[in-house]
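# Coordinate inspection notes
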Amino acid sequence: MSDWIKTIAVSELPPGRCAEVSVAGKPVALYNVGGTVYATSNVCIHRGGPLGQGMLDGHDVMCPWHAWTWDVRTGENTANPSLRIPSFEVKVEAGDVLVRLPD
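Only a predicted model underlies this, so the values are computations on that prediction, with no experimental measurement involved.

### As for the side chain of asparagine 32
Within the fold, asparagine 32 resides in strand β3 (residues 26-33). Taking the relative accessible area as the measure of exposure, asparagine 32 reaches 4% and is therefore buried. Separated by 2.7 Å, the side chain of asparagine 32 and the backbone oxygen of leucine 13 make a polar contact.

### Here we look at the sheet that holds strand β6 (residues 60-62)
Strand order in the open sheet formed by three strands is β5-β6-β7, with antiparallel pairing between adjacent strands. Since the sheet does not close on itself, it has two edges, and those belong to β5 (55-57) and β7 (69-71), each with one partner. Between one strand axis and the next, the sheet turns by 25° as a mean value, whatever way the strands run. Inspection of the sheet shows β5 paired to β6 by three bridges, in the antiparallel sense. For methionine 55, the partnering residue across the bridge sits in β6 and is methionine 62.

### Here's the deal with the pairing of strand β8 (residues 87-93)
The sheet contact formed by strand β4 (residues 36-41) and β8 spans two bridges and is antiparallel. Bridged to alanine 39 within β8 is phenylalanine 88. Looking at chain direction, β8 and strand β9 (residues 96-100) are connected through five bridges and run antiparallel. Following the sheet pairing, glutamate 93 is matched in β9 by aspartate 96.

### A closer look at the environment of glutamate 76
Here glutamate 76 shows up in the loop between β7 and β8. Overall, glutamate 76 belongs to the partly exposed group, its relative accessible area being 24%. The sequence separation of glutamate 76 and proline 86 amounts to 10 residues, and the corresponding C-alpha distance is 8.8 Å.

### With respect to the side chain of threonine 69
Here threonine 69 is to be found in strand β7. Given a relative accessible area of 19%, threonine 69 falls into the buried group. The contact partners of threonine 69, leaving out residues within four places of it in the chain, are Asp60, Val61, Met62, Glu76, Asn77 and Thr78.

### Some thoughts on the sheet that holds β9
Reading across the sheet, the six strands line up as β1-β9-β8-β4-β3-β2 and stay open at both edges, with antiparallel pairing between neighbours. Both edges of this open sheet fall to β1 (4-9) and β2 (18-23), since each of them pairs with a single strand only. Each strand axis lies, on average, 35° off the axis of its neighbour in the sheet, ignoring direction. In terms of strand pairing, β3 meets β4 through six bridges, oriented antiparallel. Across the sheet, asparagine 32 pairs through a bridge with valine 37, a residue of β4.

Each value, and the rule that gives it
Residues numbered from 1 in each chain as written. Predicted model: local features only at pLDDT ≥ 70, side-chain atom pairs only at ≥ 80, totals over all residues. Heavy atoms only, no water. Helix = DSSP H or I, 4+ residues; strand = E, 2+ residues; numbered from the N terminus. Buried < 20%, exposed > 50% of the residue type's maximum accessible area, 1.4 Å probe, protein only. Polar contact = N/O pair within 3.5 Å; in protein donor to acceptor, adjacent residues only side chain to side chain. Pairing = 2+ DSSP bridges. Axes fitted to C-alpha atoms, helices over the stretch in contact; angles between N-to-C directions. Contact = heavy atoms within 4.5 Å.

Everything listed here is a matter of coordinates, which is why it stays silent on function.
If you want it as structure tokens, here you go:
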């Protein structure tokens, strides 16, 4: 299993907000939903839109380019759950958000 990688301070990601980070060279979007942080790929599979710039509504993020919506907990598309974006493990430790990518 890969290592946990420090991304940003949790204070930089207030509840209800998204952020874009790079984790081991991969574009990752972070989301704070009521104090719980989630991570997915930052790339919408529809046309490559930046999900970390999207609008967060509860557990759903809307891609800013074409309004495709994804559940940040699972990576499932809200209209068609057979479509998915990668989601990643997250933990908050010592005030930092850490992400673990799959091997």
